[in-house]
Amino acid sequence: MYCRMGSIEATSSVHNQEKGLSLSLPRSFLHFLEENGLDPSIYAMIETIPRYIRVKPGCESQLVEIENELKCRLEKVSWLSGFFAIPSQIQIAGSKAYQQGKIYGMDAASGAAVSALNVSPADHVLDLCCAPGAKLCMLADLLGNSGSLTGVDIARARLAACRTMLQKYSLGDHCRLFVADGTSFSLLPVRSCMETKPCLSGKNDPDIFAEWTAKRSWRERKKAAKAGNIADLDQIKSTSPELIFYGRYSGVVGLCKNELFRAVDEPSFSGYDRVLVDAECTHDGSLKHIQKFEDWGWETLERRVLDAKRTDSLLHLQLQLLTNGFRLLRVGGTLVYSTCSLTVAQNEDVVKQFLSRNSLAELRHVEASAIWPCRSGGIPNTLRFDPKTSQTSGLFIAKFTRLAS
Ligand SMILES: C[S@@+](CC[C@H](N)C(=O)[O-])C[C@H]1O[C@@H](n2cnc3c(N)ncnc32)[C@H](O)[C@@H]1O
């Protein structure tokens, strides 16, 4: 169970003796760590854990230029293709390589979660909690010029950041993005939509999706603005998915609007080939995220991470996201559940509950993990990256397949 504390008291220093570092953390967070059996000294490692970048496929020949620009060596991550470690203090946002879309900032453990999905060209992939979009971009890169990628997130502004990323890295052609509640999202992959009888109406039919343009019609803008004014997530949950972006080859262009929004009850045979459920969590495994509260104020951490009501409903949300992601997976398909929390409650316990209720779900070994610097999770076949063993951010990974009934 999570700890439930009152207001923030004094901060207390945590030490990492191996590295001779220390960091002040509020007592309530230390209590949360203690209650969850987590080692506080990892937060003192922030300066010693490298920062990771991913080089966009096709830009590998420009490594020397990128090194010169960032003024540091790019150290190849031997266990994960396309990833490089750079010193933690290097900022990439101001570099041309970043602005021109040649490099992405992405932790190697996050890359491992995507890699565990084993995406093949032509797959139809669903990323159920996709914003702000680092994993979504990697998925799009892996798909290349085939298949389809559907990104879903409940937070409109964060999903708009995904759209910007896809456009910046020229990755949006096969992608569509929906503001929606991942616990009830029910739209099939594009191939299923395309298998439905094509619309026979004319080219200028307002009921048929035209090529994407950033300039929407007055009616569409008004609808989006109205939806954007909905501040209460409960209201978003009850509204239908809102399509905020689609690429030229996403299968959306030329489709009847009512066909796209036709939800299905039983997608086991026409569902997605790959589903990523990178669930909302307390982010306690992300040292960088926790460090941000030094600026945002530790009271914000208490409100966003330690609040009892929020943490209890988070466990429910994680189970619901995993359950719905699995519902949308085709038989024989692969689902990866990941969180950047190190607590057992948000990881192994969620997986156990899910398995007890879903007899068609089977945990699978992640073959690539044989060379990954991670350790086994508390359930066989699950994996844990953590700062001490992996020199990465903390991340839990569980990979499932869907058995035939
Ligand atoms: C850990 S972040 C995902 C990070 C993302 N996969 C990436 O690599 O950039 C979790 C996301 O889940 C979203 N989220 C929270 N509740 C949700 C829900 N009910 N349905 C869909 N997304 C949700 C949050 O808005 C947040 O963007």
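Position numbers for residues count from 1 along each chain, tracking the sequence in the order it is written. Local features in this predicted model are restricted to residues of pLDDT 70 or higher, and side-chain atom pairs are both shown and tallied only at a pLDDT of 80 or more, whereas totals for entire chains, interfaces and linings draw on every residue.

Caption draft 1: Structural context of the overall build of the chain. Of the regular secondary structure elements, the chain holds 15 helices and 16 strands. By the burial criterion, 43% of the 405 residues in the chain qualify as buried. A fraction of 76% describes how many contacts in the chain between residues 6 or more apart in sequence connect residues 24 or more apart. Strands are runs of DSSP state E lasting at least 2 residues, helices are runs of H or I lasting at least 4, and numbering of each runs from the N terminus. To sort residues by exposure, count the other C-beta atoms lying within 10 Å of each residue's C-beta; 20 or more gives buried, 12 or fewer gives exposed, and values between give partly exposed, all with C-beta atoms placed from the backbone. Note on contacts: each residue gets a C-beta atom placed from the backbone, and two residues are in contact if those atoms are within 7 Å.

Caption draft 2: Highlighting the packing of helix α1 (residues 27-35) against helix α12 (residues 298-306). Lines are fitted to the C-alpha atoms to define the axes, a helix being fitted only along its stretch in contact, and any angle between axes, read from their N-to-C directions, falls within 0 to 180 degrees. Put simply, α1 and α12 touch, their axes get as near as 10 Å, and they point 30° apart. Here α12 runs roughly parallel to α1, going by the angle between their axes. Side by side, α1 and α12 meet where S28, F29 and F32 of the first sit next to L301, E302 and L306 of the second. Taken together, the residues that form the contact of α1 with α12 break down as 4 nonpolar, 1 polar and 1 charged. Throughout this description, any angle smaller than 35 degrees is read as roughly parallel, any larger than 145 degrees as roughly antiparallel, any in the 65 to 115 degree range as roughly perpendicular, and the remainder as oblique. The residue classification treats Ala, Val, Leu, Ile, Met, Phe, Trp, Tyr, Cys and Pro as nonpolar and Asp, Glu, Lys and Arg as charged. All others, Gly included, are polar.

Caption draft 3: Layout of the site of the ligand. Whether a residue is near a molecule or strand depends on its C-beta atom, generated from backbone atoms, being within 6 Å of that molecule or strand. The immediate surroundings of the ligand are formed by 19 residues, with C129, K135, A155, G182 and D278 found nearest. Among the elements of the structure, α5 (134-143) and β8 (148-153) are those that each provide at least two residues to the shell around the ligand. Residues belonging to the shell around the ligand are distributed by class as follows: 9 nonpolar, 4 polar and 6 charged. When we break the shell around the ligand down by domain, the ones giving at least three residues each are domain 1 (11-46 + 275-402) and domain 3 (130-181 + 188-262). Residue ranges assigned to the domains are those given by an automatic or database domain assignment.

Caption draft 4: Just the pairing of strand β3 (residues 51-55), in detail. Summarising burial for β3: 4 of the 5 residues are buried, a large majority. Here 4 bridges tie β3 to strand β5 (residues 83-86), and the two strands are oriented antiparallel to one another. Looking across to β5, one finds that R54 is bridged to F83. In this analysis, strands are considered paired if DSSP registers two or more bridges between them.

Caption draft 5: Inspection of the environment of W212 at higher detail. Considering the arrangement of structural elements, one finds W212 in the loop between α7 (190-195) and α8 (218-228). Sequence spacing of W212 and R330 is 118 residues, and the spatial spacing of their C-alpha atoms is 28 Å.

Caption draft 6: Main features of the domain arrangement of the chain. Domain boundaries in the chain define domain 1 (11-46 + 275-402), domain 2 (51-105) and domain 3 (130-181 + 188-262). If you look at the interface, domain 2 gives 5 residues, while domain 3 gives 7 residues. When the residues that make up the side of domain 2 that touches domain 3 are grouped by side-chain class, the tally is 2 nonpolar, 1 polar and 2 charged.

Caption draft 7: Quick look at the sheet that holds β3. The strand order across the open sheet formed by 4 strands is β4-β5-β3-β6, and the pairing between neighbours is antiparallel. Each edge of the open sheet carries a strand with a single partner, namely β4 (75-76) and β6 (103-105).

Caption draft 8: Structural detail: unusual backbone geometry. Cis geometry is found at the peptide bond from A131 to P132, where omega equals 5°. One can find P132 in the loop between β7 (124-127) and α5. The backbone phi angle of N118 is positive, close to 55°, even though this residue is not glycine. With respect to the helices, strands and loops of the structure, N118 is situated in the loop between α4 (108-115) and β7. Even without being a glycine, N381 presents a positive backbone phi close to 80°. Looking at the secondary structure, you find N381 in the loop between β14 (375-376) and β15 (383-385).

Caption draft 9: A look at the UniProt feature "binding site: S-adenosyl-L-methionine" (unreviewed entry) in the chain. UniProt positions are given in the numbering used here, feature names are shortened, and annotations may be inferred rather than shown by experiment. Feature annotation in UniProt assigns "binding site: S-adenosyl-L-methionine" (unreviewed entry) to the following positions: D153, D181 and D278. Across 126 residues in sequence, these annotated residues keep their C-alpha atoms within 13.7 Å of one another, forming a single compact spot. Relative to the assigned elements, D181 resides in the loop between β9 (175-179) and α7. The class for D181 is buried, based on 22 C-beta atoms found within 10 Å. With respect to the secondary-structure elements, D278 resides in strand β11 (residues 272-278). Excluding anything up to four places from it in sequence, D278 contacts A113, C129, K135 and S338.

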